[in-house]
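Spelled out, the chains give:
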Amino acid sequence: MKKFFSKIKNWFKRHGPSKRRLIQVYAALLYNANIKGFIKGSIYTGPVKNVCVPGLNCYSCPGAAAACPLGALQNALAASGTRAPFYVIGIILLIGLILGRTVCGFLCPVGLGQELLYKIKSPKLKKSRYTRILSYFKYVILLVLVVAIPFAFGLNGKAVPAFCKYICPAGTFGGAIGLLIHPNNASLFDQLGSLFTWKFGLMIAIMVASIFIFRFFCRFFCPLGALYGFFNRFALLGVKLDKNKCTDCGLCVNACKMDIKRVGDHECINCGECIDVCPTKAIRWKGSKLFVHQNAVDAVPAPTEEKPLGALLNKNGVSEPEAVEQNSVISEGVVNTQGARAEAVALQEQAEGTVSVSNPSGRDARAKEKRRNFWLQIAAWAAALALLVGALVYYNLIDQPPSGAETGKPCPDFTADLYGEDGGKFTFSEHEGKVVVIYFWSMQSEASITEIPYLEQLKVAYSDVEIVAIHEGATEGVEAYLGQNGWDNYQISFAQDLMTGDVGEIYSKIAVGNQVPTTVVVNREGKIKYNSPEELTYQLLTSLIAGKNIGDYCPDFTVELYGADGGSFTLSEQKGKVTVINFWATWCGPCVAELPYFEQLKVNYPEIEVIAIHESVSEDVNAYLVKHGWDQWNVKFAQDVMKGANGEVYTSLVNGDAVPVTVIVDQQGKIVYNSVKSMEYDSLAEIVAPLLSENVSNSFEK
C-alpha cells in the first residue's frame, strides 16, 4: 500500500502543475472574481474599478474586479489635457518598481492563455535574430497607440484609447465575447460592425500564432510588457545574474523561449526557468536574502584543488558529467535559495570524498531551513486563498449596485441645473408617465461626441420622450463646448451634475459604475429599462423606447411584401399615419374570416396604412392570395422575418403565441391597441376614427 501511494505521489510530481502555473491560475481567478457578472451579463463598476490589476485584463470583462493598467493609462492621458495623470502613472510605477516583468511571467492571464495554447502539439517556430528584431514592435505600439494618440486627441477634447479599441485581444475575448454570450445582451449583436470584425479576426490570428510561437502576443504586440520591461533592471523581485559566477556559457539564453540577450533584460519575463539550467548557479531570485539567511548553512570549505570551469565544459558549453562529478568547483556563498544551496553542499562533499555524516551542523542547518521554508509556503498559500475567498465574497455578496441602478427597479428622483442662458432645472419626478432617457457624458469622451446627435435625432422623431444629457462632472467650459458643437440649439436638455468628491452625485446614484458615456432609459412606469455604458446607436435608442404594451412606442421593423411587385414595408416610414398591423395565417379560420374587414377599413380610410403579416414564412401564401383574389386588395400582405419558431416581428409585438392579432399604432408611433382576438369592422373603425380626428389626437396616450 505504501508503494502504491508513493507511485501516486511521484506521478503528481511529474505531471502536476508547477508553482508558477498555480500562481498564474490564481491571478486569473482573482482578477475576475466578479462571478455574478457572468451570471447577469453585466460589468462590475463599483469603487474597486478605480484600482488597476498588474496584468492585462479587460475592464469590460463581466468578471473583471478592477481596471486594466493599459486602459486606465489611455483614458487618463485622454482626460488629462495639460495635466499629468499622476494617479494612474503612480500605480503603474509602483507595480513596475516592485515586480517589473515578473507580472508577465506570473500574474498575467493573457500570458497564461498563450502558454496553454503553446502546449498544443504542433511544429514550433524557434526564436532567432528576426524574432528579436520583431520584439521591438511592441515598443512602437506603446509609444503610438497607448501614449501619443490618446494624449493628442485628449488635447482636442476627444478620448481615443487606440490600443484597446483597435488591437487588444483581451478586450475582444473578455469584454466583447464575454458580454455577447449572455442572452441578456442579445441586442448588442445589432451594434457589431467592421471594427468588431477586425478585432475578432485579429484575436483569432493571435491565438493561432500562439500555438506555434511561444507567447506570440507578449513578444511582439503587448505594450504592457514593453512598459514593465523598463523596470526589470530596478525591480525588487525577479531573476538576477551574478556576473562574478557567470562564465557566459549561453545555456540560459538558449533555454529561454523569450527574445532575451541576457538574464533579466527588458525581454525577460522572470519565469525563473533559467535557474535550473545554469551550471554555476549564477542565477538566483532577487530578494531571496529577505527570506533565506546567508548563514543558514555553514560555510563550505574550499576544495583542496580547484580547476577552472572551462575544463568542466565541452566545446558546446555543456558540462561533462564525469568531469563535474570529479572536479566540481564551488565558491563560498554561491547560492541563497534552498534547492541550490543543498546541491552546492552536496557537490562540495562529493568533491572532498566525504559524506554528509561528517558535517552534522550543516545538515541540521539545512533541515531547519527546509522546515522554515515549508511553513512559509503554507502561510503564503493560506493568505492567498483567504484573499481570493474574501474577493469572491465581496464582489458577489457584499458590493451591490446602488438602489435604483438595477434594471427593473424604480429610478431615484433627482434635480439638476440646466446649462444655457435660460437656466432652470430638470427634475425627474416632473416627467412621470413619460419615457425618459438620461445620458451621462463628458467633454473628454469621444463616444459622447458621436452619440449625442443620436439623442437629438430621437427627440426630433419622438417629441414626447424626455431626454437629458448630464455632464458627469462639474467641469468649467461645458457651456462654451456646447456652443462650439452647436448643441446649445438642440431640443434635448443639457444639465450639470451635483458633485460629491470626484464623481457626480446623480451619476453615482443612478449609473451602474464609473464609465462614461452611460445611457439610462426609464419607462413610463418610472422603472429602469436599460442602464449600460455600451456603445449607443440610433437604432438601439429606438428599440429601447419601444415595447409591446399600449402606450409604448412600437418597435420598428421591415418586412418583405408578397405579390408580383414585391418591395418592402418599414414601419418608421409610416410616421404621421395611423398603421393597422394584423398577424394571420392561412391555416387559421378566424384570421381568414376577419381579413375582409381590414380591406373595408382601408377603403373607407385611405389615409391609414393596413398591413397583414403572415405569422410565419410559408411557400403557399402567394398562391393562397391569388386564389382568393386578395392580391388585388389595398391591404398590403407581407411575410414575417423568421427567428426561431415564431416570426421575429410577431415575437417583438405580440404578448402570446396565438393568431389572429391586431396591433394599431397612432401617428406618433405609439401602440394604442394590441389584442389577440378576432376583429369586426365596427370595432376597427371605433378605434381608428378617433385617431384621425384633430380634436382627439392623444386620446389613447394615457
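As a starting point, this report considers the structure included with it. Quick caveat, the model's predicted, so the values are computed rather than measured.

**A closer look at the overall build of the protein chain**
The helix and strand tally for the protein chain stands at 26 helices and 18 strands. Buried positions account for 48% of the 702 residues belonging to the protein chain. If you sum the accessible surface of the protein chain, you get close to 35,200 Å²; carbon and sulfur atoms cover 59% of it.

**Regarding helix α12 (residues 194-212)**
Given a rise of 1.5 Å per residue, 19 residues ought to cover 27 Å, and the 28 Å separating the end C-alpha atoms of α12 matches this to within 8%. Turning to α12, its buried residues are K199, L202, M203, I206, A209, S210 and I211. Where the residues of α12 are buried, they touch α7 (109-118), α10 (162-166), α11 (169-180) and α13 (216-220).

**What to know about the sheet that holds strand β12 (residues 558-561)**
Strand order in the open sheet formed by seven strands is β13-β12-β16-β15-β14-β17-β18, with mixed pairing between adjacent strands. The open sheet is flanked by β13 (568-570) and β18 (671-675), the only strands paired with a single partner. Across this sheet, the average inter-strand angle for adjacent strands is 30°, counted without regard to direction. The sheet contact formed by strand β15 (residues 609-614) and strand β16 (residues 636-639) spans four bridges and is parallel. Residue pairing in the sheet places A612 in a bridge with F637 of β16. Most of the contacts of helix α26 (residues 681-692) go to strand β17 (residues 661-665), to which it runs at about 10°, and overall it touches β14 (579-584), β17 and β18.

**Here's the deal with unusual backbone geometry**
Cis geometry is found at the peptide bond from V659 to P660, where omega equals 5°. Take P660: it is sitting in the loop between α25 (648-653) and β17. Positive phi, normally seen in glycine, also occurs at R215, with a value near 45°. Structurally, R215 is set in the loop between α12 and α13. Its relative accessible area of 0% is what places R215 among the buried residues. In this structure, K281 is a non-glycine residue whose phi angle is positive, near 55°. Checked against the element boundaries, K281 lands in the loop between α15 (251-255) and β2 (283-285).

**Digging into the state of the cysteines**
Per the counting criterion, the structure on display carries one disulfide. You can see C52 has no disulfide; the closest cysteine sulfur is in C68, sitting 7.5 Å from it. On the accessibility criterion, C52 (9% relative accessible area) is buried. In this structure C58 is not part of a disulfide, and its nearest cysteine sulfur, from C168, lies 6.1 Å away.

**Quick notes on the pairing of strand β10 (residues 518-522)**
In terms of burial, β10 is largely enclosed, as five of its five residues are buried. What you see with β10 is no split at all: T518, V520 and V522 on one side and T519 and V521 on the other are buried throughout. As defined by bridge partners, strand β5 (residues 436-441) adjoins β10 across five bridges and the pair is classed as antiparallel. Bridge pairing in β10 places V436 opposite V522. Bridge count between β10 and strand β11 (residues 528-532): four bridges; the pairing is antiparallel. Considered in β11, the bridge of V520 is made with N531. Linking β10 back to β11 in an antiparallel pair, the connection comprises five residues, with G526 at a positive phi of about 85°.

**Quick look at a negative patch on the surface**
A surface patch of like charges, here negative, comprises E421, D422, E479 and D488. Tracing the backbone shows D422 in the loop between β3 (415-418) and β4 (425-427).

**What about the packing of α11 against α12?**
Contact geometry for α11 and α12: axes closest at 9 Å, N-to-C directions at 115°. Handedness of the α11/α12 crossing: left-handed. For the pair formed by α11 and α12, the contact residues are P169, T172, F173, A176, I177 and L180 on the first element and F196, K199, F200, M203 and I206 on the second. Residue composition of the contact of α11 with α12, by class: nine nonpolar, one polar and one charged.

**Things to note about a nonpolar patch on the surface**
On the surface, F4, F5, I8, W11 and F12 cluster together to form a nonpolar patch covering roughly 550 Å² of accessible area. Locating W11 in the fold gives a position in helix α1 (residues 2-15). Classification of W11 as partly exposed rests on a relative accessible area of 42%.

**Looking at the environment of A226**
In this fold, A226 is placed in helix α14 (residues 223-229). Since its relative accessible area comes to 0%, A226 is described here as buried. In this structure the C-alpha to C-alpha distance between A226 and L142, which are 84 residues apart in sequence, comes to 7.1 Å. The contacts of A226, once residues within four sequence positions are left out, are K138, Y139 and L142.

**Remarks on α1**
At 3.6 residues per turn, the α-helix brings residues three or four places apart onto the same side. Taking 1.5 Å of rise per residue, 14 residues should cover 20 Å, and α1 covers 20 Å from first to last C-alpha, within 8% of that figure. In terms of burial, α1 is a largely surface element, zero of the 14 residues being buried.

**Topic: the sheet that holds strand β6 (residues 466-471)**
In a beta sheet, neighbouring strands are held together by backbone hydrogen bonds and run either parallel or antiparallel to one another. On the basis of which strands lie adjacent, the open sheet formed by seven strands has the order β4-β3-β7-β6-β5-β10-β11 and mixed pairing. Both outer strands of the open sheet, β4 and β11, are each paired with one neighbouring strand and no more. The mean angle between the axes of side-by-side strands here comes to 25°, regardless of whether they run parallel or antiparallel. Taken strand by strand, helix α19 (residues 446-461) contacts β5, β6 and β7 (493-496), and its axis lies near 160° from that of β5.

Thresholds applied
Residues numbered from 1 in each chain as written. Predicted model: local features only at pLDDT ≥ 70, side-chain atom pairs only at ≥ 80, totals over all residues. Heavy atoms only, no water. Helix = DSSP H or I, 4+ residues; strand = E, 2+ residues; numbered from the N terminus. Buried < 20%, exposed > 50% of the residue type's maximum accessible area, 1.4 Å probe, protein only. Areas by Shrake-Rupley, 256 points an atom, 1.4 Å probe, with all protein chains shown as cover. Expected span 1.5 Å × (residues − 1). Contact = heavy atoms within 4.5 Å. Pairing = 2+ DSSP bridges. Axes fitted to C-alpha atoms, helices over the stretch in contact; angles between N-to-C directions. Disulfide = S-S within 2.5 Å. Patch = residues over 30% accessible without salt bridge, like charges linked within 9 Å, V, L, I, M, F, W, Y side chains within 5 Å. Salt bridge = Lys/Arg side-chain N within 4 Å of Asp/Glu carboxyl O. Lys, Arg positive; Asp, Glu negative; His and termini not counted. Charge placed at Lys NZ, Arg CZ, Asp CG, Glu CD. Left-handed = near helix turned anticlockwise from the far one by under 90°. Nonpolar A, V, L, I, M, F, W, Y, C, P; charged D, E, K, R; others polar.

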